[in-house]
Amino acid sequence: MNFAKIHSGIKTLLTALAFIAFQCCSPLTVNPPAPALEEKRVAALVSAFAAQERVAETFFFSGTLTFNNRNSENAVQILLITDATPRAGTDNGGGTGACPYGRMKIEITHPWGKPLLHILIQGQRIHILDFNEKRIYGGSLKSKGLFRRIPVPLDPSILWSLARAFPALLKYREIASMAGNQFTFLDVMGNKVQHFELYSAEPLPRKVCFCKQDATIVFSDFDDDDGILYARQMNFRGPDLKVGLDIDIEQMAFNAPLPEAVFSMEAPPDFKTVHLGKDHPEH
């Protein structure tokens, strides 16, 4: 056996493979990372996003809500009605996503119309009509028993972002941009509060991370209703990506008068009242 010829053949083969690999990979150039956004550019974007919070005082949408977990996927119909005016809540500083002192009514039904859940949120208080269990639950958004009923973080800023179909801005101390089309809100300790990724073609929020809640919303298919921007599709992922939901908006309306009756939550006579946290019916 001629080891010299074998060694020479291996060298020739490796050289040929290297040449082929170089030819195949040469068209794929690695672009350098986009430069960080300038401070003035970020300030303009944040100002524009904040303006979107102020232009819509009432809004409601109907569409499809799809719950996702690792084992199943279920689609239902959703009607979400929101009054974000200061008079609607418990504080004169209401009307923004960061300080949601207004009211929100969520009605979830089967695709064929059977009611499943009605949820009323007013400030930090929540009431849930569960038509399957024939119970009405009441408590605060911080109630320990709430997550067992609704396995999605009901953080006010996340709720307001989903209801408005546009990200609510959290409170921050300073803003940092480390890469193009991205910027991050920081608190007084320099910790990340909220992270924004923008679309490359236009200055719209694509992906927004609520850092302390460990949750993310992806906004897509934006529409413009007389200057009010909103996403027709939203994808929410909670902590550890275990639970998520998708919202597809079919109809959306802004700043229409809302009758008081749309926020009513009257339970049928045979429903039991349960305080969240105690998790047992009243007698």
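Here we summarise the structure given alongside this text. What you see is a predicted model, and the numbers here were worked out from it, not measured in a lab.

Looking only at helices and strands, one finds four helices and 14 strands in the protein. Within the protein, buried positions represent 41% of all 283 residues. For the protein, the share of sequence-separated contacts (at least 6 apart) that also reach a separation of at least 24 residues comes to 50%. When the accessible surface of the protein is totalled, it reaches about 16200 Å², and 56% of it is carbon and sulfur.

Counted according to the given criterion, the structure contains eleven aromatic pairs. Ring pairs connect the aromatic residues Phe49, Phe166, Tyr172, Phe183, Phe185, Phe196, Tyr199 and Phe222, which therefore count as one cluster. The positively charged end of Arg103 is found above the aromatic ring belonging to Phe263, 4.3 Å away from the centroid.

Two side chains with opposite charge may pair up if their charged atoms get near one another. What the rule picks out here adds up to eight salt bridges. A salt bridge links Arg103 to Glu260, with the nearest nitrogen and oxygen atoms 2.8 Å apart. Of this pair, Arg103 sits in strand S3 (residues 103-109) while Glu260 sits in the loop between strand S13 (244-254) and strand S14 (272-275), and the two are 157 residues apart along the sequence. Of the residues examined, Arg103 reaches a relative accessible area of 11% and is grouped as buried. Note that Lys212 is salt-bridged to Asp187, the shortest N-O span being 3.2 Å. Here Lys212, found in the loop between strand S10 (205-210) and strand S11 (215-225), pairs with Asp187, found in the loop between strand S8 (182-186) and strand S9 (192-198); they are 25 residues apart in sequence, far enough to count as distant. Looking at Lys212, the relative accessible area reads 58%, which means it is exposed. It is possible to trace a salt-bridge network through shared partners that takes in Asp83, Arg103 and Glu260.

Conventions and cut-offs
- Residues numbered from 1 in each chain as written.
- Predicted model: local features only at pLDDT ≥ 70, side-chain atom pairs only at ≥ 80, totals over all residues.
- Heavy atoms only, no water.
- Helix = DSSP H or I, 4+ residues; strand = E, 2+ residues; numbered from the N terminus.
- Buried < 20%, exposed > 50% of the residue type's maximum accessible area, 1.4 Å probe, protein only.
- Contact = heavy atoms within 4.5 Å.
- Areas by Shrake-Rupley, 256 points an atom, 1.4 Å probe, with all protein chains shown as cover.
- Phe/Tyr/Trp six-rings, centres within 6.5 Å; stacked < 30°, edge-to-face > 60°.
- Lys NZ or Arg CZ within 6 Å of the ring centre and 35° of its normal.
- Salt bridge = Lys/Arg side-chain N within 4 Å of Asp/Glu carboxyl O.

Honestly, that's just the spatial picture; any functional story needs more than this.
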